[in-house]
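# Residue-level structural notes
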Amino acid sequence: MKDKLNAVKSAAIEKIQSAASTAELNELRVQYLGKKSELQGLLKQMGGLSPEERPVMGQLVNSARAKIENVLEKALADIKNKEREIALQKEKIDVTMNGKAAPIGSRHPLSLVTEEVENIFLGMGFQIATGPEVELDYYNFEALNIPKGHPARDSQDTFYISENVVLRSQTSPVQIRVMEETPPPIRIISPGRVYRSDAVDATHSPLFHQIEGLVVDKGMTMADLKGILLEFAKRLYGEDTRIRLRPHHFPFTEPSAEIDVSCFACKGEGCPICKGEGWIEILGAGMVHPRVLKNGGIDPDVYSGFAFGVGVERLAMFKYAVDDMRLFYENDVRFLNQF
Ligand code: DAH
């Protein structure tokens, strides 16, 4: 019986120590320590032993059982540790691995051009002013010397919110708002959205962008206007750029001019971009009308000034050779990614 017990014990220990999973160990526990185990069988056979032998054998069985339990618990703990290590290994994250790059956007060409113009004028001592897009008829028209019934109103097909409130059709109303609040000298530009009731096509949109400029000081002349705008054109299109002033009419300036720059593509030779002209019209400008100065609260006998207005889409279309304005608003990433 003793031999049998030893054989069972060593078999159990050997199997337990070579078990590879907790499931296997649980099976071995049932096999060697359960109700139908060989140890249990040996205990049952003890009835046939002498009264002296019985306690001795009982103790041997119990100590074999304790030994097996001990080895089993230890094996179980070892395997659990191993299994956890394997699980951790599987879940391990390599923080040094390259990530997937998320696509990043790009600056909108209209923003790029606006910022470039802003930087040029900031560099010449101008400040940036803003005004409301929903504007009083007074600022958008009346104060700019365009009374009700004036034909100039027809050329700017205006969205009316009510009889006296419009979506501004130009950035020029900011001139009046700035003059009302700022004593001269004034040197501002004002970029922003403007609205006109135009049908959409390659060169028209009901919403577009302008940048307004205003300078008011003592003794300002047309020569100052020309000097500033020539410098602007050179910084925008290159040092060899020339400008020319053509007489024009705007109600809020007198005299008024349209300003062309020499074509930056052909340097004035004539090419498809300038339609063979050698010149590209980019600005409206002029000396601020005395009545407009007065409406801004400035004495035209003491001060004079000049103003200009430029279309941002137009600048961007020439700069980036874009032939359809609608591309600026469709936000197709294949277009936008090129800037
Ligand atoms: N506001 C004019 C327009 O929308 C552009 C303009 C022309 C602005 C001459 C000016 C200016 O300040 O002096 O067509």
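Quick caveat, the model's predicted, so the values are computed rather than measured.

Rules of the game
Residues numbered from 1 in each chain as written. Predicted model: local features only at pLDDT ≥ 70, side-chain atom pairs only at ≥ 80, totals over all residues. Heavy atoms only, no water. Helix = DSSP H or I, 4+ residues; strand = E, 2+ residues; numbered from the N terminus. Rg over C-alpha atoms; globule rule 2.2 N^0.38 Å. Buried < 20%, exposed > 50% of the residue type's maximum accessible area, 1.4 Å probe, protein only. Contact = heavy atoms within 4.5 Å. Lys, Arg positive; Asp, Glu negative; His and termini not counted. Charge placed at Lys NZ, Arg CZ, Asp CG, Glu CD. Disulfide = S-S within 2.5 Å. 1 Å grid on protein atoms, 1.4 Å probe; cavity = no way out; pocket = protein on both sides within 12 Å on 5 of 7 lines; lining within 4 Å. Points joined across faces, edges and corners; volume = space filled by probe spheres on them. Nonpolar A, V, L, I, M, F, W, Y, C, P; charged D, E, K, R; others polar. Near = heavy atom within 4 Å. Polar contact = N/O pair within 3.5 Å; in protein donor to acceptor, adjacent residues only side chain to side chain. Areas by Shrake-Rupley, 256 points an atom, 1.4 Å probe, with all protein chains shown as cover. Pairing = 2+ DSSP bridges. Axes fitted to C-alpha atoms, helices over the stretch in contact; angles between N-to-C directions.

Another point: the overall build of the chain. Counting secondary structure elements, the chain contains twelve helices and ten strands. Relative to the globule expectation of 20 Å for 339 residues, the C-alpha radius of gyration of the chain, 45 Å, shows a markedly less compact shape. Expressed as lengths along the three principal axes of its C-alpha atoms, the size of the chain is roughly 140 × 45 × 40 Å. When each of the 339 residues of the chain is scored for burial, the buried share is 41%. Of the contacts formed within the chain by residues at least 6 apart in sequence, a portion of 66% connects residues at least 24 apart. Measuring between centres, the 41 positive side-chain charges of the chain sit 12 Å from its 47 negative side-chain charges.

With that settled, the discussion passes to the state of the cysteines. Applying the stated criterion across every chain yields a total of zero disulfides. Among the cysteines around C266, which has no disulfide bond, C263 carries the closest sulfur, lying 3.6 Å off. Using a relative accessible area of 12% as the deciding quantity, one classes C266 as buried. Left without a disulfide partner, C271 is nearest to the cysteine sulfur of C266, which lies 3.7 Å away. Taking the relative accessible area as the measure of exposure, C271 reaches 16% and is therefore buried.

Considering only enclosed or pocket space, the largest pocket measures out at about 1,400 Å³ in volume. Lining the largest pocket we find 50 residues, and of these F208, E281, I282, G311 and R314 sit closest to its centre. Taken together, the elements giving at least two residues each to the lining of the largest pocket come down to β6 (207-217), β7 (243-250), β8 (253-262), β9 (279-288), β10 (304-311) and α10 (312-319). For the lining of the largest pocket, the element with the most residues is β9, which contributes eight residues. Here the residues of the lining of the largest pocket sort into 22 nonpolar, 16 polar and twelve charged. Considering only enclosed or pocket space, the second largest pocket measures out at about 260 Å³ in volume. Around the second largest pocket, the lining comprises 14 residues; the ones closest to its centre are I16, Q17, A75, D78 and I79. Counting residues per element, the lining of the second largest pocket draws most heavily on helix α4 (residues 53-91), which supplies ten residues. Its residues placed into classes, the lining of the second largest pocket shows seven nonpolar, two polar and five charged.

Take the site of the ligand next. Taken together, 16 residues lie around the ligand, and Q170, S172, R196, Q210 and E212 are the ones closest in. One nitrogen or oxygen atom from the side chain of R196 is found 2.9 Å from an oxygen atom belonging to the ligand. A307 has a polar backbone atom sitting 3.2 Å from an oxygen atom of the ligand. Protein coverage of the free-state accessible area of the ligand, which is 360 Å², stands at 90%.

Only a minority of non-glycine residues have a phi that is not negative, and only a minority of peptide bonds are not trans. The step from P184 to P185 runs through a cis peptide bond, and the omega angle for that step is 5°. With respect to the helices and strands, the residue P185 is situated in the loop between α7 (173-181) and β5 (186-195). For A321, which is not glycine, the phi dihedral falls at a positive 50°. Position of A321 among the secondary structure elements: in the loop between α10 and α11 (327-330).

Let us now look at the sheet that holds β8. The seven strands lie next to each other as β1-β5-β6-β10-β9-β8-β7, forming an open sheet whose pairing is mixed. Edge positions in the sheet fall to β1 (127-128) and β7, since each has one partner strand and no second. Judged from the eight bridges that link them, β6 and β10 form a sheet pairing that is antiparallel. Bridging from a neighbouring strand, D217 pairs with S304 of β10. α7 rests against β5, β6 and β10 of the sheet, and its axis sits at about 40° to β6.

So, on to the sheet that holds strand β2 (residues 134-136). Pairing within the open sheet is antiparallel, and its three strands lie in the order β2-β4-β3. The sheet is open, and its two edges are formed by β2 and β3 (160-162), each paired on a single side. With strand direction ignored, the average angle separating the axes of adjacent strands in the sheet is 35°. In terms of strand pairing, β2 meets strand β4 (residues 165-167) through three bridges, oriented antiparallel. Bridging across to β4, V134 finds its partner in L167.

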